[in-house]
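Results of the structural survey
Okay, here's what each chain looks like letter by letter:
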Amino acid sequence: MLIKSSKQSDLKEHQVTDESVYLQRRELIKKMGFVGAGTLLSSAIPSVANAKGIDFFSSKAEKTFQRYALNFTADSSKNSEILTPEAKVTSHNNFYEFGTSKSDPVKNSQGFNVKPWQLKISGECDNPYTLDLDDLTKSFALEERIYRLRCVEAWSMVIPWVGFELAKLLQKAQPNSRAKYVAFETLHDPEQMPGQASRRIGGGIDYPYVEGLRIDEAMNPLALMSVGLYGKTLPAQNGAPIRLVVPWKYGFKSIKSIVAIKFTQSRPTSTWNVLAPSEYGFYANVNPEVDHPRWSQASERRITSGGLFARNRIDTLPFNGYGEEVADMYRNLDLRKNF
Amino acid sequence: MKYKVIFFKLFIHLAALLPLVNAYYLALTDQLGADPVESIIHFTGIGAFNLLLLGLAITPVSKRFKLSMLLKVRRLVGLYSFTYALCHLLNFLVFEIQFDWSLFFNEIIDRPYITVGMVGMLTLLALAITSIPSLKKRMGKSWQKLHNWVYLAVLLVGIHFYWSVKSEIIEPSIYLFITFMLLALRFKKFKKKIKKD
Ligand code: HEM
């Protein structure tokens, strides 16, 4: 994908509709709260996702994580896909540091404090350096990228990210010839991240969350360091203040709330790969031909709007539709073995 | 006594139906989380399991506390468990894979956790059908034999749940533990049966 011009505001209309739909929904849910709270078996049926929904939207939400408008050049690619509404992008998250259920992160992360933040870039390079919170949005020109996000759980979204190419951040560090891989690490702060403090909340994962890419993958122009979405800085639940977005790989590769990036000689570990090597590979390229052992990856449900009857099942594309830009990197690789 | 039973049954109808109707209303109007399909699958799955465990707890509890009235609602609770399970299956077929029948059958065959869920579902179906009073009468002694399969069903559902999660095994483990407890309460029954056979 080529980002050519700098036309602003393609998105404005989406944002506006989105906001009004969001407020309408808020009202409705408030009303529904009566029924929801009054239902008699609600204690005997603990899952009640609806009760959680009501919680989240209820007016007693104490604090919200602050987001700020960003300056960036708009995505000018001719991507005509319908965007996933902002309210869904920010309330349906796999971020086990804040709880395993999709609706947990938005509830548990509103008090997340990102000040001060330090992102250290080190390892096999000549110019290791550190970025502070302000540097994250100021060191590199920001651009919008509308990408498909394909979760390994077979759902997907279309998200307008704001960020800069990972390659720019890496090149500034001047990697040396021993730099074959890039390792990433999420913040480890059990006081702020309840999932790191409790195995029950955190889904039994070993923290900090770590990920890795081959250096050529990391240098690919599609690989994005995102600091925002829908025109504003990232919400905590989406990986504030800075996260990776690798659109041709399953979502779990796109590590959130990054504090360290390291050039390495040998292949870094990645959290899900270590946890279940037969289910989650190091590469994790989106591939409709290689199923997860427990479900098919041939198709996916695209989350936009609409209730149960939204006919949203679509075919999954190799490399999530980004084959033209990335397939070359895997020419000599058996993608069935290296899934 | 009679009125008590009627009220108790009415209570169970409301307690089982209201949350279900509420959840479907929210899901149909896109208010049940960002992905209403996932939410409704989980809601009905957990609901079916809860009701199944509740149904299995009725006999030991009514014996222990001499509450014979409880036994009068056991069938109802079982049937609601089946209803939730049927919704769960239909959610999967209609909303998750959206009538892709080849995918549906492939998933049932290829994915052990779905296979296990399906066997559990078919067992519950057999129990639900034979709960019709006239059928029950006609079946005589074999009815109890067939309905002992509920112990298999609940185990399969526990395994299905455990197997369906990515890494968060604590909740399904608690469910499995409760399942084993309820099965352990029947230990004597099993022992007698084994001796007899
Ligand atoms: C008829 C065949 C069945 C199919 C195709 C099926 C399918 C599914 C699917 C797709 C999931 C979600 C997995 C995920 O989100 O990763 C699931 C979870 C679950 N199912 Fe089933 N299922 C079946 C039978 C049953 C039965 C009979 C019960 C209970 C009586 C049951 C109880 C559950 C429970 C408790 C969960 C976990 C929900 C959660 O994680 O919150 N399932 N099933």
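Let us look at the structure shown here. On a predicted model such as this, the values are computed, not experimentally measured, just so you know. (Residues numbered from 1 in each chain as written. Chains lettered and ligands numbered in written order. Predicted model: local features only at pLDDT ≥ 70, side-chain atom pairs only at ≥ 80, totals over all residues. Heavy atoms only, no water.)

Our next topic: the nonpolar core. Core analysis: the largest hydrophobic core is formed by 84 residues, its most contacted members being Leu119, Leu166, Leu169, Trp248 and Ile261 of chain A. Looking at which element gives the most residues to this core, the answer is strand β4 (residues 155–165) of chain A, with seven residues. Every residue in contact with Leu169 of chain A, bar those within four places of it in the chain, is listed here: Leu119, Ile121, Tyr129, Leu131, Phe140, Phe164 and Ile261 of chain A. One finds Ala23, Leu26, Leu76 and Ala85 of chain B within the second-largest nonpolar core, a separate group that totals 46 residues. (Core = buried A, V, L, I, M, F, W, Y, C linked by side-chain atoms within 4.5 Å. Buried < 20%, exposed > 50% of the residue type's maximum accessible area, 1.4 Å probe, protein only. Helix = DSSP H or I, 4+ residues; strand = E, 2+ residues; numbered from the N terminus. Contact = heavy atoms within 4.5 Å.)

A few words on the pattern of salt bridges. Residue and element names in this part refer to chain A. One pass over the full model with this rule turns up 25 salt bridges over all chains. Across the pair Arg178 and Glu124 runs a salt bridge whose closest N-O atoms are separated by 3.0 Å. Separated by 54 residues along the polypeptide, Arg178 in the loop between α6 (166–172) and β5 (181–186) and Glu124 in the loop between β1 (118–123) and β2 (129–132) bring together distant segments of the chain. Residues joined in a network through salt bridges with shared partners are Glu81, Arg148, Arg150, Glu300 and Arg302. (Salt bridge = Lys/Arg side-chain N within 4 Å of Asp/Glu carboxyl O.)

Turning our attention to the interface of chain A and chain B. Taken together, the 49 residues of chain A in the interface contact 47 residues of chain B. Carbon and sulfur atoms supply 60% of the area that chain A and chain B bury against each other, a total of about 4100 Å² over both sides. For the pair chain A and chain B, the number of links is seven salt bridges. When the shortest N-O distance is used, the salt bridge between Arg301 of chain A and Asp35 of chain B registers 2.8 Å. (Buried area = accessible area lost by both parts, 1.4 Å probe.)

Remark: a regular strand shows side chains that alternate across the two faces of the sheet. Residue and element names in this part refer to chain A. Along strand β7 (residues 224–229), six of the six residues are buried, which leaves the element largely enclosed by surrounding structure. When β4 meets β7, the two strands line up antiparallel, connected through five bridges. Looking across to β7, one finds that Trp161 is bridged to Leu229. Pairing geometry for β7 and strand β9 (residues 243–245), over three bridges, is antiparallel. Counterpart to Met225 in the pairing with β9 is Leu244. (Pairing = 2+ DSSP bridges.)

With that out of the way, let us pick up helix α4 (residues 74–96) of chain B. Residues and elements named next belong to chain B. Its 23 residues place the ends of α4 32 Å apart at the C-alpha level, agreeing with the 33 Å of an ideal helix rising 1.5 Å per residue. At Leu90, α4 is bent by approximately 25°, the largest bend along its length. A positive phi of about 50° marks Gln98, the residue just after α4. (Expected span 1.5 Å × (residues − 1). Bend = angle between axes of the 7 residues up to and from the residue.)

Looking now at the environment of Gly117 of chain B. Residues and elements named next belong to chain B. Summarising the element assignment, Gly117 is placed in helix α6 (residues 112–129). Take Gly117: its relative accessible area is 18%, and that puts it in the buried class. Note: C-alpha distance between Gly117 and Pro19 (98 residues apart in sequence) is 23 Å.

On to the site of the ligand, then. Residue and element names in this part refer to chain B. What surrounds the ligand is a group of 18 residues, the closest being His42, His88, Val157, His160 and Phe161. In this structure, an oxygen atom belonging to the ligand sits 2.8 Å away from a side-chain N or O atom of His42. Here His88 contributes a side-chain N or O atom positioned 2.7 Å from a nitrogen atom of the ligand. Elements represented by at least two residues in the shell around the ligand include exactly α2 (36–64), α4, α6 and α9 (150–164). Of the residues assigned to the shell around the ligand, the class counts are twelve nonpolar, six polar and no charged. (Near = heavy atom within 4 Å. Polar contact = N/O pair within 3.5 Å; in protein donor to acceptor, adjacent residues only side chain to side chain. Nonpolar A, V, L, I, M, F, W, Y, C, P; charged D, E, K, R; others polar.)

A word on the coordination of the iron atom of the ligand. Around the iron atom of the ligand, the protein contributes the donor atoms His88 of chain B (NE2) and His160 of chain B (NE2), at 2.0 Å from the metal centre. Among the residues examined, His160 of chain B registers a relative accessible area of 18% and is labelled buried. (Donors = N, O, S within 2.8 Å, 3.2 Å for Na, K, Ca; no water.)

Residue and element names in this part refer to chain A. One open sheet holds the five strands; their spatial order is β2-β1-β10-β5-β6, and the pairing between them is mixed. Each of the sheet's edge strands pairs with one partner strand only, and the pair in question is β2 and β6 (210–214). Strand-to-strand twist of the sheet, defined as the mean angle between neighbouring strand axes without regard to direction, takes the value 15°. One ladder, built from five bridges, connects β5 with β6; its direction is antiparallel. Directly across from Val182, in β6, lies its bridge partner Leu213. (Axes fitted to C-alpha atoms, helices over the stretch in contact; angles between N-to-C directions.)

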